[in-house]
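# A structural walkthrough
Each chain, written out:
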Amino acid sequence: MSCQKFCVAFLHWEFIYVITAFNLAYPITPWKFKLSCMPRNTTYDFLLPAGISKNTSNLSGHYEALVETKLNSSGTYLSNLSSRTTFHCCFWSEEDKNCSVHADNIEGKAFVSTVNSLVFQQIGANWNIQCWMKEDLKLFICYMESLFKSPFKNYDLKVHLLYLLLEVLEESPLLPQKSSFQIVQCNCSVHECCECHVPVPTVKINYTLLMYLKITSGGVIFHSPPMSVQPINVVKPDPPLGLCMKITDTGNLKISWSNPTLVPFQLQYQVKYSENSPKNMRKADEIVSATSLLVDSVLPGSSYEVQVRSKRLDGPGIWSDWSTPLTFTTQDVIYFPPKILTTVGSNVSFHCIYKNENKIVSSKKIVWWMNLAEKIPQSQYDVVGDHVSKVTFPNLNATKPRGKFTYDAVYCCNEHECHHRYAELYVIDVNINISCETDGYLTKMTCRWSPSAIQSLVGSTLQLRYQRSSLYCSDVPSIHPISEPKDCPLQRDGFYECLFQPIFLLSGYTMWIRINHSLGSLDSPPTCVIPDSVVKPLPPSSVKAEITVKIGLLKISWEKPVFPENNLQFQIRYGLSGKKVQWKVFEVYDAKLKSASFPVPDLCAVYAVQVRCKRLDGLGYWSNWSTPAYTIVTDIKVPIRGPEFWRIINEDNTKKERNVTLLWKPLMKNDSLCSVRSYVVKHHTSRNGTWSEDVGNHTKFTFLWTEQAHSVTVLAVNSIGASSANFNLTFSWPMSKVNIVQSLSAYPLNSSCVILSWMLSPSDYNLMYFILEWKILHEDNEIKWLRIPSSVKKYYVHDHFIPIEKYQFSLYPIFMEGVGKPKIIDSFTQDDEKHQHDAGLYVIVPIIISSSILLLGTLLISHQRMKKLFWEDVPNPKNCSWAQGLNFQKKMPDTKEPLGGCRFSQ
């Protein structure tokens, strides 16, 4: 507020005696009012505005003060003044045009000073005053400025405001004692204006503020009549903020603003704007109660200037200052809306007004393009008005980013050209999957979601919002108008993670992702989660694994977790322990079970076992796998069988004795179940009966063969007992002469395989199996042997055979009565080359067949290519004059094909 100079006409004042008296308080109005102090017989004509009575005797107001001055005779112009001058002060305004002087019963104190008050006596003192309450409702302000410009500069001006807050203003004509008033000094500038600040507690804005002004200048003291006001009735809001203009989706100009602070009452707004368009110019001034105003008939190339101010809607108040002017100019092509943010599958529409060379194009001549590459079909156009065209996009797909452009450009064009301005269409897939999981202690729920579907929308922020119902979820989840946000930090794996704690297990949490963008907000489809239905239990505890003794099953036991209390199903995974376990899964659906047993192929291996659980009704998640448990390899059963064994016989002709050395291979785990503590050789002879010898873990044993027949059995013994199925071998002098193997042949296939075949003669003995021995001839190398079933007549021996060496092969028939006479050969059979050639045929013949097929295919392809190249030169009769007389459909001699093949043009 510009400050004018104080215009009180006076000379140097000296010793003026001032007496002030009070009557009723003047009610402060929301508009400006004046304080005038004049000598008793001075006319007010030059002060009062038109319409105020010039006869002071007719002034009948009750708001006045009497100022008496008593002058000494020591002044330069004292002869012109009476020794006692009386001044009357009153309030008046354009709304209250009465200002009376009432001097009866005036009492007061005097202050004496010497002054030359010729000018003051002529025109008196006059001020403009306005008081208001700031919008923050904490500060009451009175502003005063002089009514006339003073021709004098050398004077001292001080203004004080004395005030008192009363809950109820008494109707008694007597006012409170002066000592009960509080005083504030006003800030006065060199421009002869003052501003007084009175702090008012917010809780007392409905109280009555009683006050008066004490004005001191050059020794003269003026006391204004008392004033009263309720601060709530003179609130002056701050100017509206955030003034904004934009084209709406319907093509109107929307003027919007906001209030700087909140006030305890509604406001009204005065909007003044001017429009300068190609068709007309207009000015408007409107009063509205909303914080926005729509201006219709907006055209391209128009300019608007707007200002807004506010005031209390109901009850008295003061208009705020005008906001800073805002100017807005529309473009040559208006799109409304200029940008659209929407979701996949929705339908949207753009409107357009096109101006070309100061002429607005008819809506019937407007065409639409997408990205200047695809013309939009006219079936999607609509004519809204003479100049407004509309295009609709149904069932939209997600926008595919093109480089730095994350939107589709929609162009509104006339029939011949397109303006460079365009509208932007953002289509986002908001189908975001929110997955939630309640911990095994039922104390918290964690929800996760990925923003990958909307990462292309630059400048957007994502927020999870939710609304909790008291019990369960509705059949169709919907977005609730009242919801709460949830803080979801971004994790390293690119997912956002939100934590709900504490939780209500049976409440329904409806949640969705809100995408906030400058173009608007989008919400993902809502999903409803009941914490009790998404529990991930703790893994089972006390998991143990073992191979049961004598039964031979893998047995796993566990303890179910305490929570949840629902029935649980279990999954067991097991596999051979190692770096990469090949897991197999076993299901347990009986909630009461705490253990399970099932067979495994290898009873003597170490198994790793883990267990997890989940609600039996299928709700929730599988728990994590338990800590692995491992089986321990122990003896499960007695060995399945004893070891296979053979013998080496060393004869002593002098003593007519034979030393027999038994040989066997260590028993494998699958046969020993699962270890061998020792081997026991069991003997039986007709003379000495049966006896046993424990040979420990040795795999050789030598005994003396002295009797006609000697039977031996080798048993494997573990911690459970001795093997139940064993091999027996009987050494018999008579049987050693039984010869049933008529022939034996050996055919080497390669250095690692030899084929042996034999022929047998009929025999009355019970043949059990054969024992085949082989070794390098004339060397005391270790004998190699293997057992062959009795039904086999040809056998492939796999070993490392040295081609330059000679081998001895021996085939022993084993009868139940004893070991028969062996058939022994010291070299390979003479026709081995024939057999090798026959074996080679198995390799050569497939190679020959494959080569023949490949050659045949090549010939066929070559034939077709030659035929194609040849008929390329056959002319088209329609294009060659010399060929028009030839019949290319005529058959070639000895063929069924036409002369021209299929190369004729149609």
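Keep in mind the model is a prediction, meaning the values are calculated, not measured.

This part is about the overall build of the chain. Counting its secondary structure elements, the chain contains three helices and 62 strands. Considering only residue pairs separated by 6 or more positions, the chain has 66% of its internal contacts joining residues 24 or more positions apart. Surface accessibility of the chain: about 49,500 Å² in total, with carbon and sulfur atoms responsible for 51%.

So, on to the packing of aromatic side chains. Following the criterion strictly, the structure yields 28 aromatic pairs and no others. Taking the centre distance of 6.3 Å and the plane angle of 80° together, the rings of Phe350 and Phe393 count as edge-to-face. Placement of Phe350 in strand S26 (residues 348–356) and of Phe393 in strand S31 (residues 389–393) is noted, with a sequence separation of 43 residues between them. The same class applies to Phe350 as to Phe393, namely buried. Aromatic side chains Tyr807 and Phe809 sit 6.5 Å apart centroid to centroid with 35° between the ring planes, which places their arrangement in the tilted category. Since its relative accessible area comes to 6%, Tyr807 is described here as buried. Phe809 sits in the buried class, given a relative accessible area of 0%. Pairwise contacts between aromatic rings join Phe405, Tyr407, Tyr411, Tyr422 and Tyr426 into one cluster. Directly above the ring of Tyr812 sits Arg647, whose terminal nitrogen or CZ lies 4.8 Å from the centroid. When the ring centre of Tyr769 is taken as origin, the NZ or CZ atom of Arg787, which lies over that ring, is 5.2 Å away.

Enumeration according to the criterion identifies 13 salt bridges in this entry. Linking Glu424 and Lys339 is a salt bridge whose minimum nitrogen-to-oxygen distance equals 3.8 Å. Of this pair, Glu424 sits in strand S33 (residues 423–428) while Lys339 is found in strand S25 (residues 339–343), placing the two residues 85 residues apart along the sequence. Of the residues examined, Glu424 reaches a relative accessible area of 11% and is grouped as buried. The exposure class assigned to Lys339 is partly exposed, which follows from its relative accessible area of 39%. One salt bridge in this structure joins Lys594 and Glu559, with 3.7 Å as the shortest N-O distance. Residue Lys594 is found in the loop between strand S45 (584–588) and strand S46 (595–598), and its partner Glu559 is found in strand S43 (residues 554–559); the two are separated by 35 residues along the sequence. For Lys594, a relative accessible area of 44% gives the class partly exposed. In this structure Glu559 comes out as partly exposed when scored by relative accessible area, which is 36%. Taken together, the shared-partner salt bridges in this structure form one network comprising Arg448, Asp493 and Glu497.

Turning our eyes to something else, we now look at a nonpolar patch on the surface. Together, Leu471, Tyr472 and Leu506 line one region of the surface with nonpolar side chains, adding up to about 280 Å² of accessible area. Structurally, Leu506 can be placed in the loop between strand S38 (496–500) and strand S39 (509–517). Using a relative accessible area of 36% as the deciding quantity, one classes Leu506 as partly exposed.

Take the environment of Asp285 next. Considering the arrangement of structural elements, one finds Asp285 in strand S20 (residues 281–288). In this structure, the C-alpha to C-alpha distance between Asp285 and Tyr273, residues 12 residues apart in sequence, is 6.6 Å. In terms of polar contacts, Asp285 uses its side chain to reach the side chain of Gln270, at 3.0 Å.

This brings us to the state of the cysteines. Tallied over the entire structure, the rule returns nine disulfides. A disulfide bridge connects Cys352 with Cys412, and the sulfur atoms are separated by 1.9 Å. Taking the sign of the S-S torsion, about -75° here, the bridge from Cys352 to Cys412 comes out left-handed. Here Cys352 is found in strand S26, whereas its partner Cys412 is found in strand S32 (residues 408–413), with 60 residues between them in sequence. You'll find Cys352 and Cys412 in the same group, each marked buried. Covalent S-S linkage joins Cys436 and Cys447, the inter-sulfur distance amounting to 2.0 Å. Between Cys436 and Cys447 the sulfur-sulfur dihedral comes to about 110°; the bridge is accordingly right-handed. Of this pair, Cys436 sits in strand S34 (residues 435–438) while Cys447 sits in strand S35 (residues 445–449); the two residues are 11 residues apart in sequence, bridging distant segments of the chain.

Counting residues in each nonpolar core, the largest one holds 68 residues, and the members touching the most others are Phe140, Leu161 and Met211. Top contributing element to this core by residue count: strand S7 (residues 125–134), with six residues. Formed by 27 residues, the second largest nonpolar core is a distinct cluster that contains Cys447, Tyr466, Ile503 and Val534.

It is worth spelling out unusual backbone geometry at this point. For residues other than glycine, phi is negative in most cases, and the peptide bonds are mostly trans. Cis rather than trans, the peptide bond between Phe336 and Pro337 has omega equal to -5°. By secondary structure assignment, the location of Pro337 is in the loop between strand S24 (333–336) and S25. Between Leu673 and Cys674 the backbone carries a cis peptide bond, its omega angle lying at 15°. Along the chain, Cys674 falls in the loop between helix H2 (669–672) and strand S51 (678–685). Its identity as a non-glycine residue notwithstanding, Lys550 has a phi of 70°, on the positive side. As for its placement among the helices and strands, Lys550 is situated in the loop between strand S42 (541–547) and S43.

So, about the sheet that holds strand S48 (residues 629–630). On the basis of which strands lie adjacent, the open sheet formed by four strands has the order S45-S44-S47-S48 and antiparallel pairing. With partners counted over all chains shown, the strands left at the sheet margins are S45 and S48, one partner each. Inspection of the sheet shows strand S47 (residues 607–615) paired to S48 by two bridges, in the antiparallel sense. The partner of Val609 across the bridge, within S48, is Ala629.

Turning our attention to the sheet that holds strand S52 (residues 689–696). Overall, antiparallel pairing links the four strands, which are arranged S52-S51-S54-S55 in an open sheet. Either end of the sheet is taken by a strand with one partner, and the two such strands are S52 and strand S55 (728–732). Here the strands of the sheet are splayed against their neighbours by 20° on average, with no regard to which way each runs. Of the strand pairs in this sheet, strand S54 (residues 709–717) and S55 are connected by five bridges, and their pairing is antiparallel. Bridge pairing in S55 places Ser711 opposite Thr730.

For Glu773, the position within the fold is in strand S58 (residues 767–776). Considered as a pair, Glu773 and Lys784 are 11 residues apart in the sequence and their alpha carbons are 5.6 Å apart. Those residues in contact with Glu773 that sit more than four places away from it in its chain are Trp646, Arg647, Ile783, Lys784, Trp785, Gln808, Phe809, Ser810 and Tyr812. For Glu773, the side chain forms a polar contact with the side chain of Trp646, separated by 2.5 Å.

Per-residue pLDDT for the chain averages 80, and the proportion of residues at 70 or more is 79%. Low confidence marks residues 100–123, where pLDDT is under 50. Its contacts with residues over four positions away, or in another chain, come to 96 contacts. Throughout residues 888–906 the model reports pLDDT below 50, and contacts reaching past four residues in sequence, or to other chains, amount to 34 contacts.

How each quantity is defined
Residues numbered from 1 in each chain as written. Predicted model: local features only at pLDDT ≥ 70, side-chain atom pairs only at ≥ 80, totals over all residues. Heavy atoms only, no water. Helix = DSSP H or I, 4+ residues; strand = E, 2+ residues; numbered from the N terminus. Contact = heavy atoms within 4.5 Å. Areas by Shrake-Rupley, 256 points an atom, 1.4 Å probe, with all protein chains shown as cover. Phe/Tyr/Trp six-rings, centres within 6.5 Å; stacked < 30°, edge-to-face > 60°. Buried < 20%, exposed > 50% of the residue type's maximum accessible area, 1.4 Å probe, protein only. Lys NZ or Arg CZ within 6 Å of the ring centre and 35° of its normal. Salt bridge = Lys/Arg side-chain N within 4 Å of Asp/Glu carboxyl O. Patch = residues over 30% accessible without salt bridge, like charges linked within 9 Å, V, L, I, M, F, W, Y side chains within 5 Å. Polar contact = N/O pair within 3.5 Å; in protein donor to acceptor, adjacent residues only side chain to side chain. Disulfide = S-S within 2.5 Å. Core = buried A, V, L, I, M, F, W, Y, C linked by side-chain atoms within 4.5 Å. Pairing = 2+ DSSP bridges. Axes fitted to C-alpha atoms, helices over the stretch in contact; angles between N-to-C directions. pLDDT = per-residue confidence, 0-100.

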